[in-house]
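Listed below, chain by chain, are the residues.
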Amino acid sequence: MHEVLRIRTTKHTSIVNITHQVSEVVKRSGVKEGLCVVYTPHTTACVFVNEGADPDVVKDIVYSLEKLIPWNDPSYAHMEGNSAAHIRSAVIGNSRVIPVINGELALGTWESVFLGDFDGPRERKVIVVVIGEK
Ligand code: ZN
């Protein structure tokens, strides 16, 4: 089964913890053992799993992405002017696969699932697919 989450971002760069929404989809699916695919169908957004306990980790990820992939680089060719958002999305990737064990996401103690938006604010879709044995 699948569900489409719609996440409203609030800033040009937004990292949104979507663990709760994804977990609720897993619960509704009734799958006990399987896989959860979290996918965002956008070229300037991403999905990743990382530390959700200390918000400074996400801050440092954003800081480092902005340092490594600056917004204003005169060598970018893409006319729309948002190449950095495309590159940040491509580097991180737009999906993750998380095991489902005993009917729950098998995340580590400190792990959360994040949607990253690098060209907001706007509404972003996140497709969650859950497959496996009920
Ligand atoms: Zn573009």
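The structure under discussion appears in the preceding block.
Now for a description of the structure that goes with this document.

Basis of the calculations
- Here, residues in each chain are numbered from 1, in the same order as that chain's written sequence.
- Residue-level local features of this predicted model are given only where pLDDT is at least 70; pairs of side-chain atoms are given and counted only at 80 or more, and the full residue set underlies all totals for whole chains, interfaces and linings.
- Side-chain numbers here rest on the full set of heavy atoms in the structure, without hydrogens or water.
- One side-chain nitrogen of Lys or Arg within 4 Å of one carboxyl oxygen of Asp or Glu is enough to make a salt bridge.
- Secondary structure elements follow DSSP: runs of H or I of four or more residues count as helices, runs of E of two or more count as strands, with numbering from the N terminus.
- Each residue's exposure class comes from its accessible area (1.4 Å probe, protein chains only) as a fraction of the maximum for that residue type: buried when under 20%, exposed when over 50%, partly exposed otherwise.
- Counted as donors are N, O and S atoms no farther than 2.8 Å from the metal, or 3.2 Å for Na, K and Ca; water is not among the atoms, and sites may therefore look incomplete.
- Classification of ring pairs rests on two measures: the distance between centres of Phe, Tyr or Trp rings, Trp counted by its six-membered ring, which must be within 6.5 Å, and the angle between planes, read as stacked under 30 degrees, edge-to-face over 60 and tilted in between.
- We call two residues in contact whenever any of their non-hydrogen atoms come within 4.5 Å of each other.
- Definition used in this section: a nonpolar core is a set of buried Ala, Val, Leu, Ile, Met, Phe, Trp, Tyr and Cys residues joined via side-chain atoms within 4.5 Å.

What follows covers the pattern of salt bridges. With the rule as written, the count across this model stands at 6 salt bridges. For the salt bridge of K59 with D56, the shortest nitrogen-to-oxygen distance reads 3.4 Å. With K59 and D56 both in helix 2 (residues 55-68), this residue pair falls 3 residues apart, about one helical turn. The class of D56 is partly exposed, set by a relative accessible area of 38%. A salt bridge links D117 to R124; its shortest N-O distance comes to 2.7 Å. By the burial criterion, D117 is buried, and R124 matches it.

Here we come to the coordination of the zinc ion. Note on the zinc ion: its protein donors are H78 (NE2), E80 (OE), N82 (OD1) and H86 (NE2). The metal-donor distances range over 2.0 to 2.2 Å. Considered as a linear motif, the donors of the zinc ion on their single chain read H-x1-E-x1-N-x3-H.

Attention now moves to unusual backbone geometry. Cis geometry is found at the peptide bond from G120 to P121, where omega equals -5 degrees. Of note, N102 is a non-glycine position whose phi angle comes to about 55 degrees, a positive value. Since its relative accessible area comes to 64%, N102 is described here as exposed.

In this section: the packing of aromatic side chains. Evaluation of the coordinates by the stated rule reveals 1 aromatic pair. Summarising the aromatic geometry, the rings of F48 and F114 are spaced 5.2 Å apart at their centres and angled 25 degrees between planes, so their arrangement reads as stacked. Taken together, the residues F48 in strand 4 (residues 45-51) and F114 in strand 7 (residues 111-117) connect sequence positions 66 residues apart.

Let us now look at the side chain of S29. Residue placement: S29 occurs in helix 1 (residues 19-29). According to the relative accessible area criterion, S29 is buried, its value standing at 4%. Those residues within four positions of S29 in sequence are excluded, and the remaining contacts are M1, V130 and K134.

Attention now goes to the nonpolar core. In terms of nonpolar packing, the biggest core is built from 19 residues, with I18, V22, C36, V38, V126, V128 and V130 touching the most fellow members. Of all the secondary structure elements, the ones that give two or more residues to this core are strand 1 (2-8), helix 1, strand 3 (33-39), strand 4, strand 5 (95-101), strand 7 and strand 8 (123-133). Dropping the residues within four chain positions of it, V22 is found in contact with L5, C36, V38, L105 and V128. L65, I69, A85 and I92 belong to the second largest nonpolar core, which has 10 residues in total.

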